[in-house]
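# Overview (structure and organization)
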Amino acid sequence: MTNSWATFGADLHLEPVGRGLRAGLMAALREAVRTGRLTPGTRLPSSRVLAADLGVARNTVADAYAELVAEGWLTARQGSGTRVAQRSAPRRTDPAAAAPARPARPGAGYNLKPGSPDLSAFPRTAWLRAARKALTAAPDEAFGYVDPYGRVELRTVLAEYLARARGVHADPERIVICSGFAHGLTLLGRALRRRRVRDVAVESYGLDLHRDLLTEAGLRTPCLPLDEHGSRTGELSAMRGAGAVLLTPAHQFPTGVPLHPDRRATVVDWARSTGGLILEDDYDGELRYDRQPVGALQGLDPERVVHLGTVSKSLAPGLRLGWMVLPRSLVGEVVAVKGVSDWMCGSPDQLTLAEFIASGAYDRHVRSMRLRYRRRRDELVAALADRAPGTEVSGIAAGLHAVLGLPAGAERSVIQAAAFQGLALEGLARYRHPDAPAARDALVIGYGSPSESAWAGTLDALCRVLP
Ligand SMILES: Cc1ncc(COP(=O)(O)O)c(C=O)c1O
């Protein structure tokens with residue numbers, strides 16, 4: 001071979017192997033990705049440059065790239081060239097990668113872990129349009145140090161949107177912008193500690209990250225039992241030390257059940273009679289499918305409920321934008337905790353989101369994502385009925401995840417078998433509060449996570465590993 005290697009911008013040594021130029025080049029690229037020398041997102045040289053480096057015909061390189069795109073190792077997007085796909089192959093630490101030489105699996109690297117929307121659907125064009133308009137109109141002071149409340153333009157638009165779409169009692173003066181739900185919860189934890197609250201009750205299944213944020217603020221997190229009607233809020237009155245409770249009322253995370261109306265009333269009664277606070281995590285409230293929207297709990301008593309929202313499911317978690325709609329009595333305390341040096345979310349993004357919502361682009365995006373996720377949810381249910389009949393599916397009326405029941409004792413082995421095949425799954429046990437009794441074996445399937453092009457293959461991979 002005239003030229004057996006090429007040096008990329010990233011100084012990568014590439015050595016085509018085996019017979020045939022195209023096949024050899026493909027094998028070398030796969031190997032470089034598999035071993036981590038080419039990391040996800042790395043831009044590859046254009047086919048013209050690489051062909052010149054290797055002394056081969058440009059078509060040879062272009063064909064190799066195209067085939068690796070089809071296999072899922074690379075992605076090609078107009079304007080941003082050919083790149084290593086985000087999940088192109090099992091990493092070196094994965095059991096699949098450590099296994100003795102297995103043939104490269106087309107499309108390996110599927111992900112059904114919950115927590116993320118389809119990032120490939122981020123509305124880039126509409127967001128850029130909103131950014132251009134917002135930044136063109138922004139006053140000079142918008143580029144100075146940020147107000148701890150957040151930009152008034154965003155708070156004003158959010159007050160109108162949340163009242164309309166989620167039934168929240170909101171006015172701009174009681175809204176504080178934060179860098180996603182996690183930041184809001186951190187601030188609330190600190191404010192509650194300053195009020196000398198010791199315990200914040202949490203649901204017996206939920207995110208450990210959120211429990212940890214409260215613990216870091218010096219709070220204890222006793223667990224509230226959960227059943228098919230949501231958290232058993234009637235048991236709060238027996239939890240003497242609890243000064244607040246963290247709930248996911250519209251769509252319990254991860255079980256997916258909405259909080260029963262009686263239990264909504266019970267928790268509000270508890271808060272009124274004890275002076276307690278309800279922290280309402282409305283993380284995916286807009287993404288509802290079969291039933292009438294479950295309005296925000298905050299609408300029942302705006303002085304006892306903190307409503308927390310985020311764009312992490314509706315748009316993208318990378319934006320780090322969220323909001324708190326606070327009881328009036330708490331606004332000053334939360335802003336004081338935030339202080340003058342908590343500059344967590346920049347004004348340009350806040351102004352862009354304000355414009356994005358005001359222009360109607362947010363509503364349009366949510367509507368179109370709702371259709372996409374509902375279709376996936378329906379395809380998931382249909383595929384299970386066809387290929388894994390008897391699998392019980394629940395929590396599917398809203399959101400981006402579903403719970404799939406498994407035979408007793410099967411959770412870990414199914415997850416391991418899936419990992420071996422390049423499919424990342426999460427089990428229900430992962431979300432159990434340490435003090436909660438173990439419940440059924442199940443998977444929490446994040447059907448929102450795959451890109452549209454990866455969805456069919458991911459669903460197929462799931463059906464293959466189910467018992
Ligand atoms: C239960 C729950 N709450 C809130 C969030 C959003 O968190 P953040 O806004 O910090 O990204 C998520 C995201 O995965 C979630 O699963």
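Structural notes, computed from the coordinates. (Residues numbered from 1 in each chain as written. Predicted model: local features only at pLDDT ≥ 70, side-chain atom pairs only at ≥ 80, totals over all residues. Heavy atoms only, no water.)

This paragraph deals with the pattern of salt bridges. According to the stated counting rule, one finds 27 salt bridges in the structure shown. We note a salt bridge from Glu355 to Lys133, for which the minimum N-O separation is 3.5 Å. With Glu355 in helix H11 (residues 347-358) and Lys133 in helix H5 (residues 124-137), the pair connects residues that are 222 residues apart, well separated along the chain. Residue class for Lys133 comes out exposed when judged on its relative accessible area of 52%. Linking Asp282 and Arg166 is a salt bridge whose minimum nitrogen-to-oxygen distance equals 2.7 Å. Here Arg166 lies in helix H6 (residues 152-166) and Asp282 lies in the loop between strand E10 (277-281) and strand E11 (305-310), a separation of 116 residues in the sequence. Via salt bridges that share partners, Asp118, Arg372, Arg375, Arg376, Glu379 and Glu452 belong to a single interconnected network. (Salt bridge = Lys/Arg side-chain N within 4 Å of Asp/Glu carboxyl O. Helix = DSSP H or I, 4+ residues; strand = E, 2+ residues; numbered from the N terminus. Buried < 20%, exposed > 50% of the residue type's maximum accessible area, 1.4 Å probe, protein only.)

The end-to-end C-alpha distance of helix H3 (residues 58-71) is 20 Å, a good match for the 20 Å that 14 residues give at a rise of 1.5 Å each. Thr60, Val61, Ala64, Tyr65, Leu68 and Glu71 are the residues of H3 that are buried. Axial view of H3: buried residues confined to an arc of 130 degrees, hence all on one face. Of the exposed residues in H3, those oriented more than 90 degrees away from the buried face are Asn59 and Ala70. Here the buried face of H3 lies against helix H1 (21-34), helix H2 (47-54), strand E1 (74-77) and strand E2 (81-84). Positive backbone phi, approximately 95 degrees, marks Gly72, located one or two places after H3. (Expected span 1.5 Å × (residues − 1). Arc of directions from axis to C-beta. Contact = heavy atoms within 4.5 Å.)

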